[in-house]
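# A structural walkthrough
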Amino acid sequence: MREFWRRYKRNKGAVVGLVILLLVILLALLAPVLFPGSPWDMVAAPFVPPGEMGMLLGADSLGRDVAAGIAHGARISLLVGAVSTAAALLLGVTLGALAGYLGGLADDAVMRFTEFFQTIPSFVLAILLVAIFTPSIGSVVFAIAVVSWPPVARVVRAEFLSLRSREFVQAAEVLGKSRLSIMVGDILPNALSPIVVLSSLMVATAILLESALSFLGLGDPNLMTWGYLIGSGRSVIRLAWWMSVFPGIAIFLTVLALNLVGEGLSDALNPRLARQRGGAA
Amino acid sequence: MSLLTVEGLTVALPPGGDRPHAVEDISLTVDPGEILCIVGESGSGKSITANAVMGLLPGGLPVRAGHIRFEGQDLLALGPDAMRRLRGARLAMIFQEPMTALNPLMRVGDQVAEALRVHGAGGDAARRVPELLAAVNLPDPAAIARSHPFRLSGGQRQRVMIAMALALEPTLLIADEPTTALDVTTQMQILRLVREIQSRRGTGVMFITHDFGVVAEIADCVAVMQHGRIVEQGSARAVLDRPQHPYTRALIAAVPHGASGLVAPAPSAAEPVLRVAGLRKTYRRGGGWFGQRVEVPAVQDADFTLVHGETLGVVGESGSGKSTLARCVVKLVEPESGSISFHGKDLRPLSRSAWKPYRQKIQMIFQDPFASLNPRRKVGETIAEGPITHGLPRAAALERARDLLRLVQLDPGAMDRYPHEFSGGQRQRIGIARALALEPELLIADEPVSALDVSVQAQVLALLADIRGRLGLTMLFITHDLRVAAQVCDRVAVMQRGVIVEQGSTMQVFSAPRHPYTQQLLDSIPGRGWTPPDLTEAA
């Protein structure tokens with residue numbers, strides 16, 4: 001673990017990313033303390049510019065505090081990102097593992113099923129799913145999970161395919177272990193590093209997807225989210241730029257941080273590659 | 001005057017390594033028309049020495065001291081341009097891996113011509129290329145020159161590499177383990193070729209190898225390296241027959257040698273443990289919708305029996321199907337026909353769950369000690385895994401793992417460490433312990449020592465012999481090394497292209513081979529004219 005952290009620290013960008021991410025998480029956790037009350041409450045005059053009337057980041061068209069919206073929105077954005085990624089991982093890892101380990105017909109069936117999802121433009125599918133199931137946090141998470149599992153399945157399948165023929169897996173077969181315990185106990189731990197890296201990027205994509213859905217008005221109407229903030233500021237952007245810009249910066253920083261963390265994890269989990277990159281630079 | 005003189009060469013290792021210098025105070029000479037063999041185990045610095053002479057040391061390994069004089073010039077003082085003019089023209093090198101040393105997209109003839117062209121001799125390439133390819137005994141040089149490397153076998157590629165190295169008639173040829181990746185019969189052809197070219201042209205050869213058989217086959221002089229130092233140097237006869245330094249003596253004592261003392265007379269009347277009959281496995285590569293299906297018969301009608309307590313060796317070259325045969329027996333590969341009877345019960349048609357009870361009885365040791373242990377699992381867990389799977393309580397299984405580590409001569413403290421903390425030989429011991437944890441009756445060893453250095457190999461073979469005797473194991477021993485087979489096996493089966501061509505007691509197969517292929521294999525054992533001196537009292 002200490003070794004892992006030492007290698008992670010070598011990538012300066014990754015450390016910056018981690019700090020930003022921790023700050024965003026802290027903001028989300030402290031939102032009720034920093035901004036007590038609902039972010040929907042009208043607390044100032046409409047269109048108050050940043051810095052006036054105690055509004056740090058200004059107020060929106062109904063006099064709601066943008067800063068409060070961002071802080072409370074952080075909880076929803078991170079929650080949606082984490083939960084939908086977890087769901088997509090569960091599905092993708094299971095299917096990919098089965099396809100890669102069993103091979104043959106099972107592999108063909110799973111991969112055709114995966115390709116079926118990959119051929120549909122994912123954002124359109126997500127919109128469709130949310131529209132069908134009526135916008136709510138549950139349906140948004142479901143839609144994002146459904147459109148983001150196929151890459152996981154492909155990565156996991158490729159890892160399982162190559163690990164399956166390794167001698168330690170064959171040794172486990174010869175010991176008489178069950179298929180499930182070989183998949184979970186022997187192969188999966190060795191396939192974890194690409195999954196970890198991929199999932200940090202998936203959280204970022206999920207946050208973007210959720211923002212895009214909210215921007216289009218397909219978010220949960222009862223929850224304050226970053227996408228909703230940008231969407232509501234869209235029509236008055238020349239009058240009150242702060243309504244769209246600050247939530248936009250929040251999304252930008254969070255996604256950037258997640259990408260940096262992903263790259264850092266990738267370096268730390270593949271020390272050989274990282275060293276080559278370091279040597280070339 | 002000597003062709004090449006290396007004096008007091010010291011090359012530093014990057015700080016933090018296990019020793020400060022990759023090679024230290026190396027002095028050696030190569031005369032024209034002489035073959036100097038540098039022998040040593042992996043990590044002894046023999047390749048570093050060769051690369052230093054060629055000026056091919058990687059950036060992290062600076063030369064700290066010493067001189068390399070070639071035809072009177074100090075090579076270390078030359079700039080990169082001058083060195084490049086020498087390289088290829090006066091000094092040439094052959095590498096270990098013929099499969100990756102040729103450009104896959106370029107025709108063979110063009111690659112040889114390129115070697116001529118970069119040194120300004122491209123003009124008569126059209127005439128010289130077929131000549132060179134003929135000189136390395138390649139059949140039909142014109143056709144070979146037009147082919148791409150993937151059409152050639154490993155041995156043919158290595159010949160092309162030699163042709164390229166010889167294109168400009170260098171006076172010094174450096175060969176870095178040129179035959180290690182090749183089969184034994186091909187190895188012999190390449191060794192003869194090197195010897196022939198060297199005597200025809202008077203080239204000096206610096207030949208790097210880890211195999212004392214190869215040394216006995218071609219060397220005029222020998223330098224033995226250990227931990228970056230030359231520990232013994234002298235004429236081949238002197239070093240091979242009267243080794244002085246303890247390390248050389250240990251290495252030579254570890255060379256597996258034909259006649260073994262421990263061939264137990266197999267109780268032929270005993271009931272067979274394993275009887276394999278008419279076993280067949282064909283690999284099919286599907287050609288998709290339009291391509292043709294390719295069928296490779298890996299094992300054809302294999303028949304053999306193993307009686308209790310005996311060791312059957314399966315020998316053959318790569319691609320002969322010996323590993324597939326072993327994998328069929330443990331159901332890692334599903335054969336399409338034939339029977340595999342274990343104590344009279346045919347295992348082939350059994351389902352995965354019906355096979356499970358037999359997993360305890362039949363265990364396997366794998367070839368690559370670096371790939372056969374799960375890198376994310378502690379050693380103790382790895383060994384205890386089998387018994388736990390078969391219902392032994394965890395505490396008892398771990399206790400057994402501790403005992404087994406002692407049995408394979410490892411410290412029980414190894415239980416809580418991960419595989420990467422162990423050397424190749426230690427890992428192979430862990431692999432053996434894992435196989436023994438289920439107290440099997442039949443042990444299948446798939447090339448268990450071929451990835452190991454010769455002294456480690458001897459230790460692992462001794463361990464296997466000891467365990468076999470103590471536990472009364474029956475063993476199916478797969479190997480490509482006939483010397484190893486001769487040492488450990490009671491009976492031997494020789495495989496060629498999926499067919500068992502000869503089978504019999506080790507003594508009989510080795511002293512009176514009936515099949516021409518067996519004969520050819522035996523003739524190809526490097527150094528068969530050399531009997532290692534008996535050094536048992538020193539070992």
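About the thresholds
Residues numbered from 1 in each chain as written. Chains lettered and ligands numbered in written order. Predicted model: local features only at pLDDT ≥ 70, side-chain atom pairs only at ≥ 80, totals over all residues. Heavy atoms only, no water. Helix = DSSP H or I, 4+ residues; strand = E, 2+ residues; numbered from the N terminus. Contact = heavy atoms within 4.5 Å. Buried area = accessible area lost by both parts, 1.4 Å probe. Salt bridge = Lys/Arg side-chain N within 4 Å of Asp/Glu carboxyl O. Nonpolar A, V, L, I, M, F, W, Y, C, P; charged D, E, K, R; others polar. Buried < 20%, exposed > 50% of the residue type's maximum accessible area, 1.4 Å probe, protein only. Arc of directions from axis to C-beta. Core = buried A, V, L, I, M, F, W, Y, C linked by side-chain atoms within 4.5 Å. Phe/Tyr/Trp six-rings, centres within 6.5 Å; stacked < 30°, edge-to-face > 60°. Lys NZ or Arg CZ within 6 Å of the ring centre and 35° of its normal.

### Let's talk about the environment of A:Arg157
The residue A:Arg157 is located in helix α6 (residues 137-164) in this model. Spatially, the C-alpha atoms of A:Arg157 and A:Thr119 are 18 Å apart, while their sequence positions differ by 38 residues.

### Points about the interface of chain A and chain B
Bring the parts together and some accessible area is lost; that lost area is often taken as the interface size. Taken together, the contact pairs 19 residues of chain A with 25 residues of chain B. Summing the contributions of chain A and of chain B, the shared interface buries around 1,900 Å²; its carbon and sulfur component is 49%. At the boundary of chain A and chain B, one finds 3 salt bridges. Across the salt bridge formed by A:Glu173 and B:Arg352, the nearest N and O atoms sit 3.2 Å from each other. Every element with two or more residues in the side of chain A that touches chain B is listed here: α7 (167-175) and α8 (179-215) of chain A. In terms of residue class, the side of chain A that touches chain B is made up of 7 nonpolar, 6 polar and 6 charged.

### Some points on helix α10 (residues 246-254) of chain B
Residues and elements named next belong to chain B. Every buried residue of α10 is accounted for by Tyr247, Thr248, Leu251, Ile252 and Ala254. Viewed along the axis of α10, the buried residues span an arc of 160°, placing them on a single side of the element. Tucked inside the fold, the buried residues of α10 contact α8 (212-218), β9 (221-226), β10 (229-235), α9 (236-241) and α16 (454-471).

### Here we look at the nonpolar core
By size, the foremost hydrophobic cluster in this structure holds 54 residues, and its most contacted members are B:Leu133, B:Val160, B:Ile162, B:Phe207, B:Phe212 and B:Val222. Core analysis: the next-biggest nonpolar cluster, separate from the first, contains 47 residues, B:Ala433, B:Ala437, B:Ala485 and B:Leu521 among them.

### Notes on the packing of aromatic side chains
Residues and elements named next belong to chain A. According to the stated counting rule, one finds 11 aromatic pairs over all chains in the structure shown. Summarising the aromatic geometry, the rings of tryptophan 5 and tyrosine 8 are spaced 5.7 Å apart at their centres and angled 15° between planes, so their arrangement reads as stacked. Highlighted residues: tryptophan 5 and tyrosine 8, both in helix α1 (residues 2-9), separated by 3 residues, approximately one helical turn. What makes tyrosine 8 buried here is its relative accessible area of 3%. Members of the aromatic cluster, connected to one another through ring pairs, are Phe113, Phe116, Phe117 and Trp149. The lysine or arginine in question, arginine 234, covers the ring of phenylalanine 215, its NZ or CZ lying 5.4 Å from the ring centre.

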